[in-house]
Each structure stands twice: as C-alpha cells, then as structure tokens.
Amino acid sequence: MICRIPSQLSEFVYCERCDLYKTRRHIVFGKGNLPCDILMVGEAPGKVEDLRGDPLVGPESRLLWSTLTKVLREEKLEEITYFITNMVCCRPKALESMKEENRKPEVEEMSGCRKRLLTLFHLAKPKMVLLIGSVAGTHARIGAERATFRIYNPGYVVRNKAAYPEFIASIRDAIRLLREIKHV
Ligand code: SF4
C-alpha cells in the first residue's frame, strides 16, 4: 500500500490554500493504490493522523480498516484495491476547546481542498466511491457517474457500538455491488 504523494499532487505539498495550514503538523494526503477500485472519502484527518501523517492510524480509521478487511476476506475479494482520503488534508481542530478536539471542516476549507480531491479522483479512476460520514456524503459531489455508497462515520460507530451491525452491513452491500460491477 502506497503512502507517497503522487507527482500530480506536488503543488499541494506546502499548500496554504485554507487556514488549516496554520495548525497542521502533517498534510495527510491519503493512502492506498492509484488507480483503485474504491476511492474512500472521509471527513478530515484527526489528531493521531495529523501527528503521524498517516490516514489509517486513529481509532476511527482502524475500525474502518479492520471492518473493510474483514468483509473483503469474507467475500474472498482481497484483491480489491482502494485509496482512502478526506475532504480536507489538514486537521481541523477546535481551538476554543482546552483539549483542542477535532472538529468538522468548514465549507471554505473543503472548497480550498477541492482541486486536490478532484485531481485524486481522476488519478484513482475508481469503479466505486465510498463516502464516509455525513460531511463527505453532503459535500464531496464526485463520482456521479460511478457507483456511490454512503456509510456511517466510523467515529460515530466507535462512540455508539450498537451502530456496528449497520455499519458492517453497509460495507458488505458496497462490496457486493462492486463484485457485480467488476464481474468477479
Ligand atoms: S486542507 Fe487542503 S486546502 Fe487547506 S491547507 Fe490543507 S491541503 Fe491546503
């Protein structure tokens, strides 16, 4: 699985298109294969992702990763390729909070990062777009010509374990649809 930045995104390496650059530690572009079968788009990097520069290290990301891996193994589709990114590459944090908690990205921040998301979409050429959580579900507006699936934000599932059966069922539905699309 790659984590390096594609050359087509090099103009974003020192990006200051929105104010999130002021407090980030790392730009978290994403991780996975390009091109890929599934492009997953989440909300934003969290505290751990910002510290490590890796989109798959926080508890929410680990839940998504482990659930997807489990479903792919169950469906015997481990060869499916994917790339995970977010609506914004830099962590939005709530500065008024003493704990400096994560917050949702603002519309202007997502607009600043949109060119990067579209470039990534064209590099990924995905057969399916998986929109993770309500922010991506509402604002991503990519992949209209592709199969598009929406799933719960894994952060919600981490806090509400009762939502896990629905969460994994939606990922299973997405993977089964992808199987039909790929004829495998
Ligand atoms: S979130 Fe996107 S647009 Fe904003 S500074 Fe980071 S890379 Fe640039």
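Up top you'll find the structure we're talking about.
Presented here is an overview of the structure given in this document. (Residues numbered from 1 in each chain as written. Predicted model: local features only at pLDDT ≥ 70, side-chain atom pairs only at ≥ 80, totals over all residues.)

1. Describing the overall build of the chain
Now for step 1: Assigned secondary structure in the chain consists of seven helices and five strands.
Now for step 2: If you list the helices and strands of the chain from N to C, you get β-β-α-α-β-α-α-β-α-β-α-α.
Now for step 3: For the chain, the C-alpha radius of gyration of 16 Å lies close to 16 Å, the compact-globule estimate for 184 residues.
Now for step 4: Projected onto its principal axes, the C-alpha positions of the chain cover 45 × 40 × 25 Å.
Now for step 5: Out of the 184 residues in the chain, the part that is buried amounts to 38%.
Now for step 6: Residue pairs in contact within the chain that sit at least 24 positions apart in sequence constitute 71% of those at least 6 positions apart. (Helix = DSSP H or I, 4+ residues; strand = E, 2+ residues; numbered from the N terminus. Rg over C-alpha atoms; globule rule 2.2 N^0.38 Å. Buried ≥ 20, exposed ≤ 12 C-beta atoms within 10 Å, placed from the backbone. Contact = placed C-beta atoms within 7 Å.)

2. Thoughts on unusual backbone geometry
Now for step 1: A cis amide bond links L34 to the next residue, P35, at an omega of -5 degrees.
Now for step 2: The residue P35 is located in the loop between β1 (31–32) and β2 (38–42) in this model.
Now for step 3: Although it is not a glycine, K125 adopts a positive phi angle of roughly 45 degrees.
Now for step 4: Structurally, the position occupied by K125 is in the loop between α4 (114–124) and β4 (128–132).
Now for step 5: One non-glycine residue, R141, lies in positive phi territory at about 45 degrees.
Now for step 6: Following the sequence through the fold, R141 ends up in the loop between α5 (133–139) and β5 (147–151).

3. Thoughts on the sheet that holds β5
Now for step 1: Reading across from one edge, β1-β3-β2-β4-β5 is the order of the five strands in this open sheet, with mixed pairing throughout. On the outer flanks of this sheet lie β1 and β5, each paired with one strand and no other.
Now for step 2: Here five bridges tie β4 to β5, and the two strands are oriented parallel to one another. Its bridge partner being in β5, I132 is matched across the sheet by I151. (Pairing = 2+ DSSP bridges.)

4. So, the environment of N33
Now for step 1: Mapped onto the elements, N33 comes out in the loop between β1 and β2.
Now for step 2: By C-beta crowding, N33 is classed as partly exposed, having 14 other C-beta atoms within 10 Å.

5. A closer look at the nonpolar core
Now for step 1: Ranked by internal contacts, the top residues of the largest apolar core, which has 43 residues, are V41, M87 and L130.
Now for step 2: Among all residues touching L130, those that are not within four sequence positions of it are I38, M40, F149, I151 and A174. (Core = buried A, V, L, I, M, F, W, Y, C linked by C-beta atoms within 7 Å.)

6. Quick notes on the packing of helix α2 (residues 59–74) against helix α7 (residues 164–182)
Now for step 1: Between α2 and α7, the least distance of the axes is 10 Å, while the angle of their chain directions is 50 degrees. Looking at the two axes, α2 sits oblique to α7. Of the two possible hands of crossing, α2 and α7 adopt the one that is right-handed. Contacts between α2 and α7 involve T67, L68, V71 and L72 from the first element and F167, I168, I171, R172 and I175 from the second. (Axes fitted to C-alpha atoms, helices over the stretch in contact; angles between N-to-C directions. Parallel < 35°, antiparallel > 145°, perpendicular 65-115°, else oblique. Left-handed = near helix turned anticlockwise from the far one by under 90°.)

7. With respect to the pairing of β2
Now for step 1: Most of β2 is tucked away: five of the five residues are buried.
Now for step 2: Of the two faces of β2, the one carrying I38, M40 and G42 and the one carrying L39 and V41 are both buried.
Now for step 3: Across five bridges, β2 lies against strand β3 (residues 82–86) in parallel orientation. In the strand pairing of β3, L39 is matched with F83.
Now for step 4: Judged from the four bridges that link them, β2 and β4 form a sheet pairing that is parallel. Each residue of the ladder has a partner; that of M40, found in β4, is L130.

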